[in-house]
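What follows is each chain in one-letter form.
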Amino acid sequence: MVRHGPTMSTESGIVVVGAGPTGLTLACELHSRGIPCRTIAEAGGPTTVTRALGMFTRSLEVLEDFGAAEEAIARGQRLEIVNIYGDRRRIGGFHAASLTGTRHPVILALPQSETELLLEERLELLGGSVERETTLRELRQSPGDTTVRLALSTPHGDETVEARWVVGADGAHSTVRKSLGIEFAGEATRDVFVIVDAMLDDGPATGEVHYYFSRDGIMVISPLPDGSYRIAAGMSGFIGDGSPVSASAVQEILDRRVGRGTRLRELRDAGWGAAQVRPHTRLADRFRSGRCLLAGDAGHVYSPIGGQGMNGGIQDAHNLAWKLGLVATNKASESLLDSYAHERRAVAQRSLRLTATQMRMGRMRSRVGLALRNGLVTGMSRAGMLDRYMAPESVMLKISYSENPGVSAGGWRGRQGDRIPDLPLTGDGKDSQTLFDVIRGHPLTVLALAVKQEDSGRVDELAKRAFVRYDGLVPIHKVAIVKDSHAAAPSAPLIDCGGRLHRHLRAKEASLCLVRADGHIAYFDSLTASASLFAYLDAVLHVNDSSSVNDSPVAGKAT
Ligand SMILES: Cc1cc2nc3c(=O)[nH]c(=O)nc-3n(C[C@H](O)[C@H](O)[C@H](O)COP(=O)(O)OP(=O)(O)OC[C@H]3O[C@@H](n4cnc5c(N)ncnc54)[C@H](O)[C@@H]3O)c2cc1C
């Protein structure tokens, strides 16, 4: 560091602006991969406001990546059932326990204040920290520049930073986004929300979430870990200016939508007062501009009903971390970051559509529409379809990047772009190991499936080549099926007991499945097409110069 006059000048690799759930997740992910970053935040500490409450299964899987999931579950309230009511009558629901292919079949109620606290604690355990009371004032980037110039004010004075990469995780009013001149188009929602935390007498069952459709609008009641409840009610008759809402007004909402049994004992101060708010829905035009990327609320904001905001930000970070890690350490070309911008903006667009549909369903008034909606929910619930389809969709296990041409690789039409299920893959001396344990720590992992004895040597040869060519970044594992746990151990190091993974991937013959660090499938094809796998990897990763042409399966005999 060199001082120039009153302003300190520094250089940095990656700067993460913002330490909300998005910035903290990204910082934890990067540090857990051995990639240091500077994390700065204007706020003096983690938020003290409950704000986002619902942490979805997919977000718990992200936290699992850097060892924070168990702690989150210990501090939160498990929500096992999602109940849906139409005009005060339960019309259906789904069960978190029905979720398969995940280590965390649960939805968690954890106030954002707790989430940020535990993420910051985890970041410190991983060797990082947040520089608090440090505000980004201005950001400058010119075309062709290899750095971005940041003007910060810190508790020690002003500082100018030349950063190689900047991630704007600085919330809805993002200075990063504004400095880059990126549009944030959208509008205030039609619905006003009353959002309060309250103590209730005879409240709805704890350990469950409750969605109420009524002619007045949609409402969610979710228990908090301290025994209180979050009530978020879409309203038609309120003004939406943030002014306080009285206890009697909340009681009236409960009477109309839940029934007369539930009594409001006390309105809690959730940090924003007992308020009515008119949320905005907005989407940034681009998530990448040169060396700057946007993540979380800086790129998208939703109505609070669907729980998309915080969970979406956590998953932005998950998608970005391994890519930025590779690019920042010069192991992959910058274009990999375009796939982040493409994939996550498309997900944000879908989330905006989803929340708009939920709001419309909540607002429905016509008799025919209501009867149809209620009948549909009841029918699907009884047939187990809400468990099978709505549950994984709601907790974000079904997010797919299949529309991104960058992940629809491989000759077979398979599940490219989808999240791979986290199924048990025992072996390597570890009985409780799952697929996510196998891929953790590697940007890309190849699973060689349905490999017969005669193909085994060929896979070993490919693994050696991949090791040299990509500097050990892409391990190749053989995965064999055994019918049940008593069957004789196969020669492959990893065991797909009962063949669930093979069935899911429809791997009937020897095949290669490339899985990304964020658990999405990038490529799937026959073992005989290994050349195209290596061509795909060559396009993503920088190839080790010392790997000779003969080491290349594209040029070598193996092709
Ligand atoms: C009442 C309410 C209820 C909600 N309920 C839910 C819910 O149930 N589920 C859900 O998923 N979402 C919910 N949300 C939305 C959720 O809170 C946000 O989506 C989430 O906080 C986004 O996280 P983030 O890290 O992207 O941004 P933020 O949490 O806004 O964090 C921004 C960070 O950037 C820092 N920062 C800002 N400007 C600067 C600057 N110039 N320089 C340096 N640092 C800066 C801030 O200090 C902060 O650390 C709710 C929101 C509200 C208000």
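Scroll up for the structure.
Residues numbered from 1 in each chain as written. Predicted model: local features only at pLDDT ≥ 70, side-chain atom pairs only at ≥ 80, totals over all residues. Heavy atoms only, no water.

(A) Looking closely at the sheet that holds strand β27 (residues 494-497). As summarised here, the arrangement of the six strands in space is β24-β27-β26-β25-β28-β29, forming an open sheet in which the pairing is mixed. Looking at strand neighbours, the two that pair on one side only are β24 (426-427) and β29 (521-526), the edges of this open sheet. Examined bridge by bridge, strand β25 (residues 444-449) and strand β28 (residues 511-516) share six bridges and lie antiparallel to one another. Bridge assignment links leucine 449 to a residue of β28, and that residue is serine 511. In the packing of helix α14 (residues 530-540) onto the sheet, contacts are made with β25, β28 and β29, and the angle to β29 comes to roughly 160°. (Pairing = 2+ DSSP bridges. Helix = DSSP H or I, 4+ residues; strand = E, 2+ residues; numbered from the N terminus. Contact = heavy atoms within 4.5 Å. Axes fitted to C-alpha atoms, helices over the stretch in contact; angles between N-to-C directions.)

(B) Quick peek at the side chain of histidine 104. Considering the arrangement of structural elements, one finds histidine 104 in the loop between β7 (89-95) and β8 (107-109). Looking at histidine 104, its side chain comes within polar contact range of the side chain of glutamate 64, at 2.5 Å. Once residues within four sequence positions are removed from consideration, histidine 104 is found in contact with Thr57, Leu60, Glu61, Glu64, Ala69, Glu70 and Ile73. (Polar contact = N/O pair within 3.5 Å; in protein donor to acceptor, adjacent residues only side chain to side chain.)

(C) A look at the sheet that holds β8. The three strands are arranged β4-β8-β5 in an open sheet whose pairing can be described as antiparallel. Two strands close off the open sheet at either side, each with one partner strand: β4 (54-55) and β5 (77-79). Where β5 and β8 come together, three bridges link them in antiparallel fashion. Counterpart to arginine 78 in the pairing with β8 is leucine 108.

(D) Layout of the pairing of strand β2 (residues 7-17). As paired strands, β2 and strand β12 (residues 157-168) are joined by nine bridges and run parallel to one another. Bridge assignment links valine 16 to a residue of β12, and that residue is valine 167. Across three bridges, the pairing between β2 and strand β3 (residues 38-40) is parallel. Each residue of the ladder has a partner; that of valine 15, found in β3, is arginine 38.

(E) Layout of the layout of surface pockets. Its volume calculated, the second largest pocket comes out at about 400 Å³. Around the second largest pocket sit 18 residues that line it, and Thr100, Lys398, Arg419, Pro421 and His504 are the ones nearest its centre. Contributing elements (two or more residues each) for the lining of the second largest pocket: α10 (385-394) and α13 (500-505). For the lining of the second largest pocket, the element with the most residues is α10, which contributes three residues. For the lining of the second largest pocket, the class distribution of residues is six nonpolar, five polar and seven charged. (1 Å grid on protein atoms, 1.4 Å probe; cavity = no way out; pocket = protein on both sides within 12 Å on 5 of 7 lines; lining within 4 Å. Points joined across faces, edges and corners; volume = space filled by probe spheres on them. Nonpolar A, V, L, I, M, F, W, Y, C, P; charged D, E, K, R; others polar.)

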